Amino acid sequence: MSEARLQGRVLLEGQELVRDLDLALPPGWTCLLGPSGAGKSTLLRLLAGLPSGARLEGRRIVPSRIGWLAQQDLLQDRLSLAANVQLAARLRGARPDPARAEAMLTAVGLAGRGRERPEVLSGGQRQRVALARVLFDAAPLVLLDEPFSALDPATRAGMQALAHAQLQGRRVMMVTHDPAEALRLGDRVLLLRDRRLQDLPPLPPPHPRAPDDPELALSAARLLAHLAEAA
Amino acid sequence: MSRLLPVLLPLFAWAAVSLSGLVPPYILPAPQAVAVTLFTDAGVLWPNLLVTLSETLAGLALGLVLGLAAAVAMTLSPRLGRLAGPGLVASQALPVFVLAPVLTLWMGYGPGPKVAMTVLLVFFPVASGLRDGLEATPPAVLDLAQISGASPLRTLLWLRLPHALPHLGAALRIAVTYAPTGAVIGEWVGASKGLGYLMLMANARMKIDLMFAALVLIVAMTLLLNLGTDRVLRRARM
């Protein structure tokens with residue numbers, strides 16, 4: 001089973017950070033919005049099983065393999081791009097598979113560049129390699145922590161579409177603070193505020209919406225206004 | 001040319017002082033007299049240089065291996081790290097060369113105490129430098145290891161060690177500078193061979209030119225070791 005679920009409540013230094021939590025991730029994209037400090041990243045890290053300073057009182061059901069893509073690309077400067085693509089799998093103890101690594105690089109638009117080093121890449125290209133690392137490991141659950149927020153808008157739009165296409169069919173949860181990004185990609189949009197998770201209406205499929213989709217622009221603007229009002 | 005300045009400047013100062021006649025040659029011989037001695041007494045100098053050099057290299061190799069092993073062991077076993085770590089930091093403040101007479105007492109007049117002295121001078125900077133480096137891996141990088149369920153050994157090889165290489169490089173540069181000092185101090189305390197022994201022997205026999213020739217060789221050897229190490233480390237991006 002590749003079920004992914006987080007239930008219970010989250011405590012940070014004895015204080016309740018999130019209450020009445022029941023987050024079940026279906027296949028597709030779940031986008032999590034919320035003001036800074038609300039605990040979005042904490043929730044994601046709890047799901048990932050990473051140290052977060054917070055404690056979960058409840059249940060955590062996750063598949064044995066989890067893909068992780070953070071704002072930092074975490075590429076290792078001393079490794080080739082092909083080796084970087086295989087890094088998560090190698091850390092797990094998997095055998096090297098250079099042919100598959102090249103295939104993943106091709107999938108993210110960096111065909112034939114496996115022997116190069118990360119230092120020659122732009123920020124957007126680096127994040128593509130990080131995505132290829134996630135693809136190589138073939139995890140049924142993929143967690144994204146603001147992975148595109150450091151990219152310029154045009155590169156970001158391209159990366160969103162690429163990630164959406166490549167992670168088709170997996171359970172994906174992305175933390176973001178950009179309402180447009182959440183609406184563009186999310187089959188489900190969640191808001192973490194006042195210690196509770198609430199569902200916001202997502203845009204109807206298909207996802208990802210085109211960057212110039214008027215419905216996307218309007219909904220994103222409305223959602224931004226709603227968030228600003230509450231802040 | 002500018003890279004030679006640190007060598008040429010002291011040499012000129014030395015020549016100027018000895019030419020001025022302010023200092024008698026039995027206190028400070030002229031550089032040209034020492035240069036001549038380097039050739040005339042080559043038969044005495046070279047075998048002793050080889051002795052000191054081999055003690056230095058043996059101590060370096062052994063100290064390096066032990067230092068690396070200690071740092072890796074302390075990283076793989078946090079308990080060991082907590083136990084021995086503070087001692088390692090404190091040892092940096094100890095003047096370990098005061099142990100030289102003790103080492104000679106225990107190990108005799110052979111190469112043993114010289115190599116041991118060098119090992120002591122090399123071990124601590126390498127062990128504590130590499131350990132600091134291994135502990136300094138960015139937390140976000142370690143997230144990757146944890147989410148992949150990596151064993152401590154794989155985390156060490158794939159992530160911690162590569163990130164620690166600059167630290168290790170800095171430690172190696174220090175170690176290479178200390179190493180000849182360890183051998184020479186060992187020879188001063190008790191030896192029948194080596195440049196340190198030759199310096200004391202020449203001094204006692206008022207062969208000041210020879211003493212300075214041995215000194216020049218020690219300095220030259222240290223500088224060349226440094227230069228070579230730096231070249232290799234640069235190539236390895238450390």
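## Description of the overall build of chain B
Right, so step 1: Counting its regular elements, chain B contains 10 helices and zero strands.
Right, so step 2: In terms of principal-axis extent, the alpha carbons of chain B reach across some 70 × 45 × 30 Å.
Right, so step 3: Taking all 238 residues of chain B together, the buried fraction comes to 44%.
Right, so step 4: Looking at chain B alone, contacts between residues at least 24 apart form 74% of all its contacts between residues at least 6 apart.
Right, so step 5: Looking at chain B as shown, the accessible area adds up to about 12500 Å², and 74% of this sits on carbon and sulfur atoms.

## Digging into the side chain of R160(B)
All names here are of chain B.
Right, so step 1: Take R160: it is sitting in helix α8 (residues 152-189).
Right, so step 2: Here R160 sits buried without a salt bridge, and the closest side chain of opposite charge, E135, lies 4.9 Å off (N-O distance).
Right, so step 3: With near-sequence residues (within four places) excluded, R160 lies in contact with T75, L134, E135, T137, L142 and T155.

## Observations regarding the sheet that holds strand β1 (residues 5-12) of chain A
Residues and elements named next belong to chain A.
Right, so step 1: The sheet built from three strands is open, its strands ordered β2-β1-β4 with antiparallel pairing. Each edge of the open sheet carries a strand with a single partner, namely β2 (15-24) and β4 (54-61). Going across the sheet, the axis of each strand differs from the next one's by a mean of 5°, ignoring polarity.
Right, so step 2: In the sheet, β1 pairs with β4 via eight bridges, with the strands oriented antiparallel. Residue pairing in the sheet places Q7 in a bridge with R59 of β4.

## A short note on helix α10 (residues 208-235) of chain B
Right, so step 1: Look at α10(B): 41 Å from first C-alpha to last across 28 residues, which is about the 40 Å you get at 1.5 Å a residue.
Right, so step 2: Looking at the residues trailing α10(B), positive phi occurs at R237(B), about 55°.

## Thoughts on the pattern of salt bridges
Pairing between side chains of opposite charge can happen when their charged atoms approach one another.
Residue and element names in this part refer to chain A.
Right, so step 1: Scanning all chains against the criterion turns up 20 salt bridges over all chains.
Right, so step 2: Across the pair D22 and R5 runs a salt bridge whose closest N-O atoms are separated by 3.1 Å. Of this pair, D22 sits in strand β2 while R5 sits in strand β1; the two residues are 17 residues apart in sequence, bridging distant segments of the chain.
Right, so step 3: On the accessibility criterion, D22 (43% relative accessible area) is partly exposed.
Right, so step 4: Take R5: its relative accessible area is 24%, and that puts it in the partly exposed class.
Right, so step 5: Residue E16 is joined to R9 by a salt bridge in which the shortest nitrogen-to-oxygen separation is 3.0 Å.
Right, so step 6: A cluster of three or more residues bridged by salt bridges with shared partners is formed by R9, E16, R19, R55, E57 and R195.

## Here's the deal with the packing of helix α2 (residues 81-92) of chain A against α8(B)
Two packed helices can be described by the angle between their axes and the distance between those axes.
Right, so step 1: At a closest axis distance of 9 Å, the pairing of α2(A) and α8(B) adopts a crossing angle of 160°. Comparing the axis directions of α2(A) and α8(B) gives the class roughly antiparallel. Between α2(A) and α8(B), the residues in contact are L87(A), R90(A), L91(A) and R92(A) and R154(B), T155(B), W158(B) and L159(B), respectively.
Right, so step 2: Classifying every residue of the contact of α2(A) with α8(B) gives four nonpolar, one polar and three charged.

## Observations regarding unusual backbone geometry
Right, so step 1: Backbone torsion omega between P205(A) and P206(A) reads 5°, so that peptide bond is classified as cis.
Right, so step 2: Looking at the secondary structure, you find P206(A) in the loop between β9 (196-200) and α7 (214-230).
Right, so step 3: Cis rather than trans, the peptide bond between H207(A) and P208(A) has omega equal to -5°.
Right, so step 4: Residue placement: P208(A) occurs in the loop between β9 and α7.
Right, so step 5: A positive phi angle is found at R195(A), which is not glycine, with a value near 65°.
Right, so step 6: Relative to the helices and strands, R195(A) is located in the loop between β8 (188-193) and β9.
Right, so step 7: One non-glycine residue with positive phi stands out, namely R237(B), at about 55°.
Right, so step 8: Along the chain, R237(B) falls in the segment after α10.

## Considering the interface of chain B and chain A
By a frequent convention, interface size equals the accessible area lost on bringing the separate parts together.
Right, so step 1: Counting from both sides, the interface comprises 22 residues of chain B and, opposite them, 22 residues of chain A.
Right, so step 2: Taken together, the two surfaces of chain B and chain A that pack against each other cover about 1900 Å², and 59% of this comes from carbon and sulfur.
Right, so step 3: It is L144(B), I147(B) and W158(B) that lose the most area in chain B upon contact with chain A, and together they represent 38% of the buried surface on that side.
Right, so step 4: Scanning the region where chain B abuts chain A turns up two salt bridges.
Right, so step 5: We note a salt bridge from R237(B) to E119(A), for which the minimum N-O separation is 3.3 Å.
Right, so step 6: The interface formed by chain B and chain A holds seven residue pairs in polar contact (both at pLDDT 80 or more) in total.
Right, so step 7: Considering each element in turn, the side of chain B that touches chain A owes the most residues, eight residues, to α8(B).

## Considerations on the environment of L197(A)
Right, so step 1: Along the chain, L197(A) falls in strand β9.
Right, so step 2: Among all residues touching L197(A), those that are not within four sequence positions of it are L21(A), L23(A), L32(A), L43(A), L190(A), L191(A) and L192(A).

Analysis parameters
Positions within a chain are numbered from 1, following the residues in the order the chain's sequence is written. Written order determines the labels here, with chains lettered from A and ligands numbered from 1. Whole-chain, interface and lining totals are the exception, using all residues; otherwise, since this is a predicted model, local features are given only for residues with pLDDT of at least 70 and side-chain atom pairs are given and counted only at 80 or more. The basis for every side-chain value is the complete set of non-hydrogen atoms in the structure, without hydrogens or water. Where helices and strands are cited, they refer to DSSP runs of H or I of at least four residues and of E of at least two residues respectively, numbered from the N terminus. Residue exposure (1.4 Å probe, protein chains only): buried if accessible area is under 20% of the type maximum, exposed if over 50%, otherwise partly exposed. Contacts are assigned to residue pairs that have any heavy atoms within 4.5 Å of one another. Working definition of accessibility: Shrake-Rupley area with a 1.4 Å probe, residue cover restricted to the visible protein chains. In this count, Lys and Arg are taken as positive residues and Asp and Glu as negative ones, while His and the chain termini are left out. In the sections that follow, a salt bridge refers to a side-chain nitrogen of Lys or Arg positioned within 4 Å of a carboxyl oxygen of Asp or Glu. Two strands are counted as paired when DSSP detects at least two bridges linking them. Convention adopted: a line fitted to C-alpha atoms gives each axis, helices being fitted over their contacting stretch, and angles between N-to-C directions are expressed from 0 to 180 degrees. Expected span of a helix, by definition, is 1.5 Å for each gap between consecutive residues, and there is one gap fewer than residues. For classification, angles of less than 35 degrees are called roughly parallel, those exceeding 145 degrees roughly antiparallel, those between 65 and 115 degrees roughly perpendicular, and all remaining angles oblique. Under the grouping applied here, Gly and all other residues not named as nonpolar or charged are polar, the nonpolar ones being Ala, Val, Leu, Ile, Met, Phe, Trp, Tyr, Cys and Pro and the charged ones Asp, Glu, Lys and Arg. Buried surface area refers to the total accessible area, computed with a probe of radius 1.4 Å, that the two partners give up upon joining, counted for both partners together. Between N or O atoms, a polar contact is any pair within 3.5 Å; within protein, one atom must be a potential hydrogen donor and the other a potential acceptor, and residues adjacent in sequence are included only when both atoms are from side chains.

Geometry only, nothing functional implied.
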